[in-house]
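Each chain, written out:
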Amino acid sequence: MLDTTTSNLTHATQCGTPAIGLFQDMVTMLLQSLLAAQCRVAPASLWPPDAGNQLLPQLQRQELDFDFVVIGAGSAGSVVASRLSENPNWRVLVLEAGGDPPVESEIPALSTGLQHTNFMWNYYTEPSSRSCLGMKQGRCYWPRGRMIGGSGGVNMMLYLRGNRRDFDDWSDMGNAGWSYDEVLAYYEKSVRAVGNATHPQGYVQLSYFEMPQGPPFSMIYEGAQELGVPQVREFAEGSFVGYTQVPVTAQHGERASTGKEYLGRVSQRGNLKVIKHALVKQLHFDAKAQRVEAVSFERNGHTYRVGVAKEAVLSAGAIDSPALLLRSGIGPGQELEQLQLRVLRDLPGVGKNLQDHVLVPIFMQLQVNEPQSEKEILDNIYEYLLSRKGSLANHGTASIVGFINTNSSSDQRYPDVELHHLFMPRGRHDVLAMFVGGLSMQEQYVQYLQQLLIDSDLLCIFVVLLHPQSKGELRLRQENPNEAPLLFSNYLSHPEDMATILRGIRYQEELLDTAAYKASGCQLTHIPIEECDAEYEYRSDDYWRCYAKYFSMTCYHQSGTLKMAPASDPEACVSPRLQLHGVDNLRVADASIMPNIVSANTNAATIMIGERAADFIAQDWAALGDDREDNRHTHDYDL
């Protein structure tokens, strides 16, 4: 307890009324409890320790190598490293450019608040006349996670596998072993609880966020049902079209990224080391560019080099994985020569086949809730701190996902549009600012929406294109790894993409005419866009095409830039066993290997790819009879 004389003076100074100190002591105890609870949200023990200071002296002398060097501790890289280190004879090093995630990463309702911070790779697309015109500088914002857990530490945590046709198509493209029936076991493996407190193993924990009743939640389901789109128990065989609440990679009101669940959970293993804030600069090959011999990285302004005894695994994501290969001399020869980079291996597909789920947001005004009082907001913070419950422990309507097929001439069992729903309660200008700030929307449009939020709730529906025909590309701007690559999205450049988006918007208009939506006073928000309003009739096809040109943005699902395909494919980069073509000991394990983007959020598929990569590596080294450590190499690091 505080000294009562001090308490008396403190109370009198703050409140202007006399006191004997008892109540002041109670308030002080409450404040201390809240501060302690805040620190328990994301303790450092959740993450693997940083082995940098331990290992750097040996690395500086170039006296250290590892059996496996994994580049990137994101959704797939964390899985690969965790699985490989299950073999106690294998020495595994993870190089991660970021550090531990911030506390906001753990809190589901704050998922969009990390954009434009140092915990992200803040990438932007090159300007285009076809898309992103309503974003700042006419460029779409493509953030990627720069932390343990990667983009899985900042995403919306939705766990969706995709559907049978996605993977059967991969197999039909010449990728043996990647059919739906063959990958399903790896999805299941990634979420299967294994290990115990003494011998932990990595896996992803799934749960369902607590879902409030009533509108707008019930409105979304009931409106769709009026149009013949069912509410399904889950998206699985026979029910890939419909609406449901989807599981999330979270547990007890906190995020459960692979950085935590695969790496942090097993960080006591002596054969697994993680160096944080390690920006990988280059891969070093032998004279024939057939083997990776070492990896160089920068930390705190110094460059280090670590040897690779068996394999390097590239898991830096669909932007940074191809960029690293290009900086290392692997890629389209002519482009490398233009940058005066030495061409070690001419691989034309590196950086090509860039795919993303472009989306167009549709805003609706409705009247379903009274504005939240300051007391309710404070109560929610208190409830989260002490019990991990309340509005901060979920992300509201974002858990409700719809898949529809808008094309009557296609197979109706499979969707071509995905729908996400994001609800901003009346008066919560902070929630809207965090959301639209993450989208990098131009200020005049932000202010218009903020004005509407004074008197109305807002529902934003993401109309997401699942099968983009438009494909972009990535190129190096220069060799410097601190310089962002050039990103050409080519959004909506194929006419079929715009046609599908238009059908998805028309479906939203049909929902406005349902009894469920009318009961909530739902109306379409007309955001003023000078070009569209001046030249086209509001809600005509031409108007919506113009609207999409301005309000097109990413669903954060960049993929395909190191395409998995047989060597006969001119864009092929990796084999079906995820080995880079022409290099014996370099695998790629992240969303960049997808030949076609899956029909869902990509995080679950990326985790599955990590599981597959680890299994391929284990199988291939077992087949060689070499699944034990090579005692010729220096590895005196288990201190």
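It should be emphasised that the depicted structure is a prediction, and the values quoted were computed from it without experimental measurement.

Draft legend 1. Expanded view of the UniProt feature "domain: Glucose-methanol-choline oxidoreductase N-terminal" (unreviewed entry) in the protein. According to UniProt, the feature "domain: Glucose-methanol-choline oxidoreductase N-terminal" (unreviewed entry) maps to residues 145–168 and 317–331 in the numbering used here. Taken end to end, residues 145–168 is 21% helix and 4% strand, and its first and last C-alpha atoms sit 30 Å apart. For residues 317–331, helix accounts for 73% and strand for 13%, while the C-alpha atoms at its two ends are 16 Å apart.

Draft legend 2. How the structure looks around the state of the cysteines. Applying the stated criterion across every chain yields a total of two disulfides. The residue that forms a disulfide with cysteine 132 is cysteine 140, at a sulfur-sulfur distance of 2.2 Å. Disulfide cysteine 132-cysteine 140: torsion about the S-S bond near -95 degrees, hence left-handed. Like cysteine 140, cysteine 132 is buried. The side chain of cysteine 532 participates in a disulfide bridge whose partner is cysteine 546; the two sulfur atoms lie 2.1 Å from each other. Because the sign of the S-S torsion sets the handedness, a value of about -85 degrees for the bond joining cysteine 532 and cysteine 546 places this disulfide among the left-handed ones. You can see cysteine 532 sitting in helix H17 (residues 530–535) and its partner cysteine 546 sitting in helix H18 (residues 541–550), a full 14 residues away along the chain.

Draft legend 3. Fine view of unusual backbone geometry. At histidine 277, a position not held by glycine, the phi torsion is positive, near 55 degrees. The topology assignment puts histidine 277 in the loop between strand S8 (272–275) and strand S9 (279–285). On the basis of relative accessible area, histidine 277 is assigned to the partly exposed category, the value being 43%.

Draft legend 4. Representation of the pairing of strand S14 (residues 358–366) within the structure. With nine of nine residues buried, S14 lies mostly within the body of the structure. Side chains Val358, Val360, Ile362, Met364 and Leu366 of S14 all project onto a buried face; the interleaved residues Leu359, Pro361, Phe363 and Gln365 project onto the opposite face, where all are buried too. As judged from the two bridges shared by S14 and strand S21 (residues 553–554), these two strands associate in the antiparallel manner. By the bridge assignment for S21, leucine 359 is matched with methionine 553. Judged from the eight bridges that link them, S14 and strand S17 (residues 457–465) form a sheet pairing that is antiparallel. Among the inter-strand pairings, proline 361 is bridged to a residue of S17, identified as phenylalanine 462. Pairing geometry for S14 and strand S20 (residues 523–524), over two bridges, is antiparallel. Along S20, the bridge assignment pairs glutamine 365 with glutamine 523.

Draft legend 5. View of the UniProt feature "binding site: FAD" (unreviewed entry) in the protein. The positions UniProt marks with the feature "binding site: FAD" (unreviewed entry) are Val280. Note that valine 280 resides in strand S9.

Draft legend 6. Geometry of the packing of helix H13 (residues 429–439) against helix H14 (residues 443–452). Contact geometry for H13 and H14: axes closest at 10 Å, N-to-C directions at 155 degrees. By the criterion of interaxial angle, the relationship of H13 to H14 is roughly antiparallel. Judged by the twist between their axes, the crossing of H13 over H14 is right-handed. Residue-level contacts link His429, Leu432, Ala433 and Val436 of H13 to Val446, Leu449 and Gln450 of H14. Its residues placed into classes, the contact of H13 with H14 shows five nonpolar, two polar and no charged.

Draft legend 7. Representation of the side chain of arginine 164 in the model. Here arginine 164 lies in helix H6 (residues 164–172). Here the side chain of arginine 164 touches glutamate 237 through a polar contact of 3.1 Å, side chain to side chain. Not counting residues within four places of it along the chain, the set of residues in contact with arginine 164 comprises Tyr180, Asp181, Glu237, Phe240 and Tyr414.

Draft legend 8. Broad picture of the environment of tyrosine 208. Mapped onto the fold, tyrosine 208 is located in the loop between helix H7 (180–190) and helix H8 (217–226). Separated by 303 residues in the primary sequence, tyrosine 208 and leucine 511 have C-alpha atoms spaced 26 Å apart. For tyrosine 208, the residues in contact, after removing those within four places along its chain, are Gln245, Val246 and Pro247.

Draft legend 9. Layout of the packing of aromatic side chains. Applying the stated rule across the entire model yields 20 aromatic pairs. By the ring-pair criterion, three or more aromatic residues cluster together here, those being Phe167, Trp170, Trp178, Tyr180, Tyr187, Phe240, Tyr414 and Phe616. The aromatic ring of tyrosine 203 is capped on one face by arginine 265, whose charged end is 4.2 Å from the ring centroid. The side chain of arginine 388 reaches across the aromatic face of tyrosine 384, ending 5.4 Å from its centre.

Draft legend 10. Broad picture of helix H12 (residues 374–387). For H12, spanning 14 residues, the distance from its first C-alpha to its last is 20 Å, which sits close to the expected 20 Å at 1.5 Å a residue. Of the residues making up H12, those classed as buried are Asn380, Tyr384 and Leu385. End-on view of H12: buried residues confined to an arc of 130 degrees, all on one side of the axis. Turning to H12, the residues buried within the fold contact helix H2 (22–39), helix H5 (103–106) and strand S7 (254–255). Just downstream of H12, arginine 388 is the residue with a positive phi angle, here 60 degrees.

About the thresholds
- Residues numbered from 1 in each chain as written.
- Predicted model: local features only at pLDDT ≥ 70, side-chain atom pairs only at ≥ 80, totals over all residues.
- Heavy atoms only, no water.
- UniProt positions renumbered as here; feature names shortened; annotations may be inferred.
- Helix = DSSP H or I, 4+ residues; strand = E, 2+ residues; numbered from the N terminus.
- Disulfide = S-S within 2.5 Å.
- Buried < 20%, exposed > 50% of the residue type's maximum accessible area, 1.4 Å probe, protein only.
- Pairing = 2+ DSSP bridges.
- Axes fitted to C-alpha atoms, helices over the stretch in contact; angles between N-to-C directions.
- Parallel < 35°, antiparallel > 145°, perpendicular 65-115°, else oblique.
- Left-handed = near helix turned anticlockwise from the far one by under 90°.
- Contact = heavy atoms within 4.5 Å.
- Nonpolar A, V, L, I, M, F, W, Y, C, P; charged D, E, K, R; others polar.
- Polar contact = N/O pair within 3.5 Å; in protein donor to acceptor, adjacent residues only side chain to side chain.
- Phe/Tyr/Trp six-rings, centres within 6.5 Å; stacked < 30°, edge-to-face > 60°.
- Lys NZ or Arg CZ within 6 Å of the ring centre and 35° of its normal.
- Expected span 1.5 Å × (residues − 1).
- Arc of directions from axis to C-beta.

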